[in-house]
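# Fold and contact review
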Amino acid sequence: MEIVHTPVLLNECLSLLSPVGEPYENHCLMIDSTLGEGGHTYNFLSRFPGLSVVGLDADSAIQARAKERLSQFGERIHFYNGWFNDFYQNYPSEYDKPDIILFDLGISVFHYERAQRGFSFRYDEKLDMRLNSNSDTSAADLVNDLPEEKLADLIYLYGEEKLSRRIAAAIVAARKGGKIESSKALAQIIWDAVPANYRYGNIHPATRTFQALRIAVNSELKRLPSALHNAFNDLKVNGKMGVITFHSLEDRIVKNYFRNLGKQCVCPPEVAICRCGGKQCAEILTRKPVCPTEEEVKTNSPSRSAKLRVVRKICDANEFRLDGVVGY
């Protein structure tokens, strides 16, 4: 089977999230919250023979590829098809609490190159962008049905696109002539809508709009805060949790939540007496995010914006630890 996605920050993950203590004969459990084609999991299972993994993914198509790739590990690998926030909210009783949890929040190269769901504007594909085909709303639904103001807000909020209003106006004008149903058609509308000097920057002018639509379709930022919180509480004491982010919106959520876990008190200033428990819940193992080396960026360009943050659990966290975490 041809593998099209290279796991980012792999060596850093293997080092920072390695099972505690040596040798590794004793059983320990890792949850790969975003399995994809199984790159991180394959390397963890190969490196640590006492490790078992539960791999989560909302996309059954890419999970089928991971099952084929990881079949050599037999009973050491288990699979869950669904959203990670649902898994951690209702952690299955048949599994022990995990020693390691990893979130890689990037979209697999498979989705851009092979999924044929309009994630990329390089190809002329149906404008879908759903990671889970059972989800109700596609990117085409948003593009064709949202009022102009709401579409502009979505592009600005989730894509951080400064020309969001101009782009939204062009989309609404174009759809009057018929539904916008392909990724190429949408990219061309955006290209034509922006000033000439904006077309030849570091990224294609449609990049941020496509990001915004993908995030909205899959509720990526809405799922993240509760998923982080429940995952942390599902983790064993002394277990480690790592999160790889790829843009500032999701990294801000992770940074703020981990920062709150590392504080003794997270009550707001107006609260005279501490009500949050006043106890540090986690040790932050990465005071600054770990970024890819120049060598990795040269060999795997999608890694260029990746940031890894890792914490070690001291005790469970209450809901106060979510205060101040940016959600969308």
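The structure under discussion appears in the preceding block.
Keep in mind that what you see is a predicted model, and the values were worked out from it rather than measured.

### A few points about the overall build of the protein chain
For the protein chain, the count of helices and strands is 13 helices and seven strands. Here the C-alpha atoms of the protein chain give a radius of gyration of 21 Å, agreeing with the 20 Å that 2.2 N^0.38 yields for 328 residues. Projected onto its principal axes, the C-alpha positions of the protein chain cover 65 × 60 × 40 Å. Scored against the burial criterion, the 328 residues of the protein chain give a buried share of 55%. For the protein chain, the distance from the average position of its 41 positive side-chain charges to the average position of its 41 negative side-chain charges is 5 Å.

### Notes on the sheet that holds strand β7 (residues 307-313)
Taking strand neighbours across the sheet as the criterion, the seven strands line up as β3-β2-β1-β4-β5-β7-β6 in an open arrangement whose pairing is mixed. Looking at strand neighbours, the two that pair on one side only are β3 (77-81) and β6 (282-284), the edges of this open sheet. Each strand axis lies, on average, 20 degrees off the axis of its neighbour in the sheet, ignoring direction. Two elements, strand β5 (residues 240-245) and β7, share six bridges in a ladder whose sense is antiparallel.

### A word on the pairing of strand β4 (residues 100-104)
Within β4, five of the five residues are buried, which leaves it mostly tucked inside the rest of the structure. Of the strand pairs in this sheet, strand β1 (residues 28-32) and β4 are connected by three bridges, and their pairing is parallel. Opposite D32, over in β4, you have L102 as the bridge partner. Taken together, the five bridges between β4 and β5 define a ladder with parallel strand orientation. By the bridge assignment, L102 is partnered in β5 with G242.

### Some words on the pattern of salt bridges
Any two side chains of opposite charge can pair if their charged atoms end up close together. Enumeration over the complete set of coordinates arrives at ten salt bridges. For the salt bridge of E37 with R65, the shortest nitrogen-to-oxygen distance reads 2.7 Å. Here E37 is found in the loop between β1 and α2 (39-47), whereas its partner R65 is found in helix α3 (residues 60-70), with 28 residues between them in sequence. We note that E37, like R65, is buried. As a salt-bridge pair, D59 and R117 come within 2.9 Å of each other at their nearest N and O atoms. Of this pair, D59 sits in the loop between β2 (51-57) and α3 while R117 sits in the loop between α5 (109-113) and α6 (139-145), and the two are 58 residues apart along the sequence. Taken together, the salt bridges that share partners define one network made up of D251, K307 and R309.

### With respect to the packing of aromatic side chains
All chains considered together, the criterion is met by nine aromatic pairs. Here the aromatic rings of F44 and F48 are separated by 5.9 Å at their centres, their planes lie at 45 degrees, and the arrangement is tilted. Seen from their ring centres, F84 and F103 are 5.1 Å apart, and the 85 degrees between their planes marks the pair as edge-to-face. Placement of the pair is F84 in helix α4 (residues 84-89) and F103 in strand β4, with a sequence separation of 19 residues. This pair shows no difference in class: F84 is buried, exactly as F103 is. Members of the aromatic cluster, joined through ring pairs, are Y80, F84, F87, Y88, Y91 and F103. Here R223 stacks its cationic end above the ring of W83, 3.7 Å away from the centre of that ring. Above the plane of the ring of F232 lies K313, whose end atom (NZ or CZ) is 5.4 Å from the centre.

### Points about unusual backbone geometry
Positive phi outside glycine occurs at M129, with the angle close to 70 degrees. As for its position among the elements, M129 is in the loop between α5 and α6. A positive phi angle, near 50 degrees, is found at E160, a position not held by glycine. Here E160 is to be found in the loop between α7 (148-159) and α8 (164-175). Assessed through its relative accessible area of 40%, E160 is described here as partly exposed.

### A few points about the state of the cysteines
Tallied over the full model, the rule gives zero disulfides. The thiol of C265 is unpaired, and the distance to the nearest cysteine sulfur, on C274, comes to 3.7 Å.

### So, α7
Spanning twelve residues, α7 covers 16 Å between terminal C-alpha atoms, matching the ideal 16 Å at 1.5 Å per step. When we look at burial in α7, the residues that qualify are L151, A152, L154, I155, Y158 and G159. Projection of α7 onto a plane perpendicular to its axis shows the buried side chains occupying an angular sector of 160 degrees, all on one side. When the buried face of α7 is taken as reference, the exposed residues oriented beyond 90 degrees from it are E149, K150 and Y156. As for α7, its buried residues are in contact with α6, α8, α10 (207-217), α11 (220-234) and α12 (248-262). Once α7 finishes, E160 follows within two positions and takes phi at roughly 50 degrees, a positive value.

The rules we used
Residues numbered from 1 in each chain as written. Predicted model: local features only at pLDDT ≥ 70, side-chain atom pairs only at ≥ 80, totals over all residues. Heavy atoms only, no water. Helix = DSSP H or I, 4+ residues; strand = E, 2+ residues; numbered from the N terminus. Rg over C-alpha atoms; globule rule 2.2 N^0.38 Å. Buried < 20%, exposed > 50% of the residue type's maximum accessible area, 1.4 Å probe, protein only. Lys, Arg positive; Asp, Glu negative; His and termini not counted. Charge placed at Lys NZ, Arg CZ, Asp CG, Glu CD. Pairing = 2+ DSSP bridges. Axes fitted to C-alpha atoms, helices over the stretch in contact; angles between N-to-C directions. Salt bridge = Lys/Arg side-chain N within 4 Å of Asp/Glu carboxyl O. Phe/Tyr/Trp six-rings, centres within 6.5 Å; stacked < 30°, edge-to-face > 60°. Lys NZ or Arg CZ within 6 Å of the ring centre and 35° of its normal. Disulfide = S-S within 2.5 Å. Expected span 1.5 Å × (residues − 1). Arc of directions from axis to C-beta. Contact = heavy atoms within 4.5 Å.

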